[in-house]
Amino acid sequence: EVVLEARGLKKSYRMGKVTVEALRGVDLAIRRGEFVSIIGPSGSGKSTLLNLIGCLDQPTAGQAIIDGQDVSRMKDPALTAVRCRKIGYVFQKFYLLPFLTTLENVELQARLAGVKDSRARSVEALKLVGLEARMNHRPVEMSGGEQQRVAIARALVKGPALLLADEPTGNLDTKTGDLIMDVFKRLNKQGLTIVMVTHNPELAARTGRVIKVRDGLIEEA
Ligand code: ADP
Ligand code: ADP
């Protein structure tokens, strides 16, 4: 079952008189349960692709279909609903709210996504990333790896069709990055579909499929 499909996806950015073609026609299909990495040199279009797939930006041409819904021409509030309910986001930065505890950070997301039993679901998500002992800590009291695990729990709690991660280990040392990869591997074994952008080929090699982007096009899929 295909959970994510891109057809002829293009994106240009206009800067004054100059137009940058960041994506020049990308076709892609990702099945439920896959763990896919997107690699390529800096500026090749990886983040642009992830932003289009993640409904954070809209394509210049082409289609993106998520869980059967064509989101490429969708407008708010429908688009926000897809972002909120279908997709979990993990970034290089953790974007945790500093005055909230671990549990509160996750529970706020659960409530925004309309999750029932938001407290219980948040505790479950935190157990999945091994943070049950850190529930009442604030971000400043935790390591980078722990903060990223909170961010992963926050993405998981809504039961997304797809988890998107953009350089999720970019702010972490190698050992901590490996631990985050272990978390992703475990979640994927439990059925979670994950798409991860990285420029690190060693991390990419640990995923089920590597997609190479070059000059706005996919080289290998
Ligand atoms: P990557 O994630 O592989 O580093 P990006 O998707 O960030 O690549 O960028 C692809 C190309 O699009 C680059 O040439 C970049 O400079 C350009 N680009 C990305 N975002 C913008 C933007 N908001 N405005 C203008 N150009 C952009
Ligand atoms: P980088 O390109 O340095 O890896 P990030 O991966 O941290 O940056 O963020 C990618 C983009 O997504 C940024 O433009 C950021 O503003 C945006 N972003 C970060 N967090 C969220 C969020 N929770 N919802 C929507 N957009 C976000």
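Everything below is about the structure shown above.
Let me begin by describing the structure that accompanies this report. (Residues numbered from 1 in each chain as written. Chains lettered and ligands numbered in written order. Predicted model: local features only at pLDDT ≥ 70, side-chain atom pairs only at ≥ 80, totals over all residues. Heavy atoms only, no water.)

Looking only at helices and strands, the protein has 7 helices and 10 strands in total. Against the globule reference of 17 Å for 221 residues, the protein gives a C-alpha radius of gyration of 17 Å, in line with a compact fold. Seen through its C-alpha atoms, the protein measures out along the principal axes to roughly 50 × 40 × 40 Å. Across the 221 residues that make up the protein, the buried fraction comes to 49%. Considering only intrachain contacts with a sequence separation of at least 6, the fraction spanning at least 24 residues in the protein is 70%. In the form shown here, the protein has an accessible surface area of approximately 10,900 Å², with 50% of it arising from carbon and sulfur atoms. Looking at charge distribution, the protein has the averaged site of its 33 positive side-chain charges lying 3 Å from that of its 25 negative ones. (Helix = DSSP H or I, 4+ residues; strand = E, 2+ residues; numbered from the N terminus. Rg over C-alpha atoms; globule rule 2.2 N^0.38 Å. Buried < 20%, exposed > 50% of the residue type's maximum accessible area, 1.4 Å probe, protein only. Contact = heavy atoms within 4.5 Å. Areas by Shrake-Rupley, 256 points an atom, 1.4 Å probe, with all protein chains shown as cover. Lys, Arg positive; Asp, Glu negative; His and termini not counted. Charge placed at Lys NZ, Arg CZ, Asp CG, Glu CD.)

The next subject is the site of ligand 1. Looking at ligand 1, the residues that line it are Tyr-13, Met-15, Val-20, Ala-22, Pro-41, Ser-42, Gly-43, Ser-44, Gly-45, Lys-46, Ser-47 and Thr-48. A distance of 2.9 Å separates an oxygen atom of ligand 1 from a polar side-chain atom of Lys-46. Relative to its unbound accessible area of 560 Å², ligand 1 is 63% covered by the protein chains. In terms of residue count, helix α1 (residues 46-53) provides more of the shell around ligand 1 than any other element does, 3 residues in total. (Near = heavy atom within 4 Å. Polar contact = N/O pair within 3.5 Å; in protein donor to acceptor, adjacent residues only side chain to side chain.)

Let us look at the pattern of salt bridges. Applying the stated criterion across every chain, the model contains 15 salt bridges. Residue Glu-107 is joined to Arg-111 by a salt bridge in which the shortest nitrogen-to-oxygen separation is 3.4 Å. A residue pair is termed a helical-turn pair when its members lie 3 or 4 positions apart in one helix, as Glu-107 and Arg-111 do in helix α3 (residues 102-112) at 4 residues. For Glu-107, a relative accessible area of 7% translates into the label buried. (Salt bridge = Lys/Arg side-chain N within 4 Å of Asp/Glu carboxyl O.)

Considering all chains together, one arrives at 3 aromatic pairs under this definition. Each ring, one from Phe-35 and one from Phe-184, has its centre 6.3 Å from the other, and the planes form 65°; the classification is edge-to-face. With Phe-35 in strand β3 (residues 35-39) and Phe-184 in helix α6 (residues 174-189), this pair connects stretches of sequence that are 149 residues apart. Accessibility expressed as a relative area gives 4% for Phe-35, which makes it buried. Residue class for Phe-184 comes out buried when judged on its relative accessible area of 0%. (Phe/Tyr/Trp six-rings, centres within 6.5 Å; stacked < 30°, edge-to-face > 60°.)

Let's shift gears to the site of ligand 2. Residues in contact with ligand 2, as listed here, are Leu-56, Phe-91, Gln-92, Lys-93, Tyr-95 and Asp-166. Here an oxygen atom of ligand 2 sits 3.0 Å away from a polar atom, N or O, in the side chain of Gln-92. Here an oxygen atom of ligand 2 sits 3.4 Å away from a polar atom, N or O, in the side chain of Tyr-95. When isolated, ligand 2 has an accessible area of 560 Å², and the protein chains bury 52% of it. Split by residue class, the shell around ligand 2 holds 3 nonpolar, 1 polar and 2 charged. (Nonpolar A, V, L, I, M, F, W, Y, C, P; charged D, E, K, R; others polar.)

The next thing to look at is the nonpolar core. Ranked by size, the top nonpolar core spans 35 residues in total, and within it Leu-126, Val-129, Ile-152, Leu-156, Leu-163 and Phe-184 carry the most contacts. With 6 residues, the top contributor of residues to this core is helix α5 (residues 144-156). In this structure Leu-156 touches Ala-125, Leu-128, Val-129, Leu-187 and Leu-192, once residues within four positions along its chain are discounted. Grouped together as the second largest cluster of nonpolar side chains are 30 residues, Val-3, Ala-6, Ile-30 and Ile-87 included. (Core = buried A, V, L, I, M, F, W, Y, C linked by side-chain atoms within 4.5 Å.)

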